[in-house]
Amino acid sequence: MKAVESHGSKVEGAVIDWLKVRNDFPALRQQVRGKPLVYLDNAATSQKPQVVIDAVREYYEQHNANIHRGVHWLSEQATIAYEGVRKKVARFINAADPRECVFVRGATEGINLVAQTFGRRKIGKGDEILLSALEHHSNIVPWQLLCEEKGATIRVIPMNDAGELLVDEFAKLLSPRTKLVAVTHVSNALGTITPIKRIASMAKLAGVTVLVDGAQAVPHQPVDVHDIGADFYIFSGHKMCAPTGIGVAWAPLILWDSLPPWQGGGDMISSVSFEKSTWAEVPAKFEAGTPHIEGVVGLGAAIDYLAAIGMDRIAAREKTLLQAFEAAIRRVPGTRLVGTAKEKAGVASFVMEGIHPHDIGTIADQEGVALRTGHHCAQPVMTRLGLAATARASVAFYNTPEEALALESAIRRVSEVFGA
Ligand code: PLP
């Protein structure tokens, strides 16, 4: 509610005061190593606006109780808040029914939930799972564990040197053995926006179930799960201004209903006896135990905040910022951008000739610039491109064009140190 009030007037007008928006994020006001913090690790996790921090504090100060089970007033308030956020999530991603949105710990847990329910029930010996060359480890390893157990096989949709998936090759990989296509919407390592609608419709035409890893998409662009046409859509809260430890796994009710529970415990049952237990309705069936209530409350505040700015405005702002950051990187001799897909969101990965990315990150940090360096939990992407690691600047709407200049001078400093 507060977020809507704080940005309500801005939404009406065509122009957003992005510096005012930036000021909503207390962590960004800090100095680091005597320099203003330039936070460019948004793909790892976003910073949190004051309204989200306040919502979590207010929850503990005024509404804290366990949900669903209490008849007392406070428990009812906590339950109303928790279930109210489910409605907000549904609206945010255009789900038909809030019950389609299952709260999980994050994208990792969401994908594991699907692997352990859909995967264990529907995938067997000789079956194939198609992943893409761009996947984060979270969308590889759960399927490897499943394949080991079931005797199924993973096949990989290849990409070109720019980091774009080869859709024609995908078409050739689809076969009667394919039981699942699990593909990212946006690559965390390269920023590629994949042709997810096309992939989903080709897979659905072949009768194959589709999971989309939306961890890097939902924070950066409007997402409409119906329009995409996949069966499962998964994302994390902490990359979209919400607290850590909360995320969402979306699927149509009919699909969730057809699946067995994964974790057992309180709240996910209808009745329990030592002989037999029966399950609660979706989504409770998949939310065993006391959930991350304050995380859900924080997610609700984050959604209000982002929706009040407008996701299309955020996407447009970040596109302009990304161009500025990529141009800044290109201006420094000896640098090379890694990931040059036509459609990109938020991520500028790069390398410097003869300099290890960890050294880039360490020297940039001395300048107050927070970069991520390494394989970005996407080792197969690095292997495909013949690299061990990259340095990655990932932007959010609260970054500024001036910070692109700060990145440029930090990279120039790296060059100086290495005499490049
Ligand atoms: N998928 C992608 C594309 C990611 O970038 C990440 C995290 O960086 C994940 C999945 C895993 O998200 P989490 O660690 O929040 O579970």
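Here the structure is a predicted model, which is why all the values come from computation and not from measurement.

K.L.:
Would you mind going over the packing of aromatic side chains in detail, with residue names and values included?
P.N.:
Enumeration according to the criterion identifies 12 aromatic pairs in this entry. Note on Y59 and Y60: the rings are 5.1 Å apart at their centroids and 65° apart in plane angle, and the pair reads as edge-to-face. Ring geometry for F232 versus W256: centroids 5.6 Å apart, planes at 65°, classification edge-to-face. With a gap of 24 residues between them, F232 in strand 9 (residues 232-236) and W256 in helix 10 (residues 253-257) connect regions that are remote in the sequence. A single burial state applies to F232 and to W256, both of which are buried. Aromatic rings pair up to connect W18, F25, Y305, F397 and Y398 into one cluster.

K.L.:
Tell me about helix 3 (residues 50-63), and please be specific about residues and values.
P.N.:
Here helix 3 is 14 residues long and its end C-alpha atoms lie 19 Å apart, about the 20 Å a rise of 1.5 Å per residue gives. Among the residues of helix 3, those classed as buried are V51, V52, D54, A55, V56 and Y59.

K.L.:
Before we move on, could you go through the site of the ligand and cite the residues and values that matter?
P.N.:
Close contacts around the ligand come from 13 residues, with T108, D213, S236, H238 and K239 the closest. Here a nitrogen atom of the ligand and a side-chain polar atom of D213 are 2.5 Å apart. Taking S236, its side chain carries an N or O atom lying 2.6 Å from an oxygen atom of the ligand. Coverage of the ligand by the protein amounts to 85% of the 390 Å² it exposes when considered alone. Across the shell around the ligand, the residue classes break down as 2 nonpolar, 9 polar and 2 charged.

K.L.:
Describe the pairing of strand 14 (residues 347-352), with residues and values.
P.N.:
Among the 6 residues that make up strand 14, 6 are buried, leaving the element largely enclosed by the rest of the structure. Burial along strand 14 is two-sided: the residues V347, S349 and V351 and A348, F350 and M352 are all buried. As paired strands, strand 13 (residues 335-338) and strand 14 are joined by 4 bridges and run antiparallel to one another. From the neighbouring strand, T335 faces strand 14, where its bridge partner is M352. Here strand 14 pairs with strand 17 (residues 390-394) via 4 bridges, running antiparallel.

K.L.:
Describe the sheet that holds strand 17, and please don't skip the residues or the numbers.
P.N.:
Read across the sheet, 4 strands follow the order 13-14-17-16 without closing on themselves; strand pairing throughout is antiparallel. Edge positions in the open sheet fall to strand 13 and strand 16 (372-374), since each of these has one partner strand only. The average angle at which neighbouring strand axes cross in this sheet is 30°, direction not considered. Helix-sheet contacts for helix 12 (residues 311-331) involve strand 13 and strand 14, and the interaxial angle to strand 14 is about 5°. Each of strand 13, strand 14 and strand 17 is contacted by helix 15 (residues 401-417), which is oriented at about 15° to strand 14, the strand it contacts most.

K.L.:
Kindly report on the pattern of salt bridges, identifying the contributing residues and their values.
P.N.:
What the rule picks out here adds up to 25 salt bridges. In this structure, R372 and D41 form a salt bridge, with 3.0 Å as the shortest nitrogen-oxygen distance. Of the two residues, R372 is situated in strand 16 and D41 in the loop between strand 3 (38-39) and helix 3; the sequence distance between them amounts to 331 residues. On the basis of relative accessibility, which here comes to 8%, the residue D41 falls in the buried class. Note that R331 is salt-bridged to E408, the shortest N-O span being 2.6 Å. Here R331 is found in helix 12, whereas its partner E408 is found in helix 15, with 77 residues between them in sequence.

K.L.:
Give a description of unusual backbone geometry that names residues and reports values.
P.N.:
Going from V282 to P283, the amide bond is cis rather than trans, its omega being 5°. If you check the backbone angles, R33 has positive phi at about 50° while not being a glycine. If you check the backbone angles, C377 has positive phi at about 55° while not being a glycine. As for its position among the elements, C377 is in the loop between strand 16 and helix 14 (379-385).

K.L.:
Describe the domain arrangement of the chain, naming the residues involved and giving the relevant values.
P.N.:
Splitting the chain by domain gives domain 1 (9-39 + 310-418) and domain 2 (55-307). When each unit is reduced to the centre of its C-alpha atoms, the spacing between domain 1 and domain 2 is 28 Å. Opposite the 32 residues of domain 1 that make contact, domain 2 presents 30 residues. Both sides of the domain 1 and domain 2 interface together cover about 2,500 Å² of buried area, and 59% of this is carbon and sulfur. In this structure, the connection of domain 1 to domain 2 is made through 1 salt bridge. Note that D161 is salt-bridged to R384, the shortest N-O span being 2.9 Å. Here domain 1 and domain 2 share 17 residue pairs in polar contact (both at pLDDT 80 or more) between them. Residue contributions to the side of domain 1 that touches domain 2 peak at 6 residues, all from helix 14. Its residues assigned to classes, the side of domain 1 that touches domain 2 comprises 17 nonpolar, 7 polar and 8 charged.

K.L.:
So what about the nonpolar core? Which residues, and what values?
P.N.:
Membership of the largest hydrophobic core comes to 84 residues, with the highest contact counts inside it found for V89, Y233, L299 and F397. The greatest single-element share of this core, amounting to 10 residues, is contributed by helix 11 (residues 293-309). If you look at the next biggest cluster of nonpolar residues, it comprises 30 residues, including I129, W143, A249 and F286.

The rules we used
Residues numbered from 1 in each chain as written. Predicted model: local features only at pLDDT ≥ 70, side-chain atom pairs only at ≥ 80, totals over all residues. Heavy atoms only, no water. Phe/Tyr/Trp six-rings, centres within 6.5 Å; stacked < 30°, edge-to-face > 60°. Helix = DSSP H or I, 4+ residues; strand = E, 2+ residues; numbered from the N terminus. Buried < 20%, exposed > 50% of the residue type's maximum accessible area, 1.4 Å probe, protein only. Expected span 1.5 Å × (residues − 1). Near = heavy atom within 4 Å. Polar contact = N/O pair within 3.5 Å; in protein donor to acceptor, adjacent residues only side chain to side chain. Areas by Shrake-Rupley, 256 points an atom, 1.4 Å probe, with all protein chains shown as cover. Nonpolar A, V, L, I, M, F, W, Y, C, P; charged D, E, K, R; others polar. Pairing = 2+ DSSP bridges. Axes fitted to C-alpha atoms, helices over the stretch in contact; angles between N-to-C directions. Contact = heavy atoms within 4.5 Å. Salt bridge = Lys/Arg side-chain N within 4 Å of Asp/Glu carboxyl O. Domains from an automatic or database assignment. Buried area = accessible area lost by both parts, 1.4 Å probe. Core = buried A, V, L, I, M, F, W, Y, C linked by side-chain atoms within 4.5 Å.

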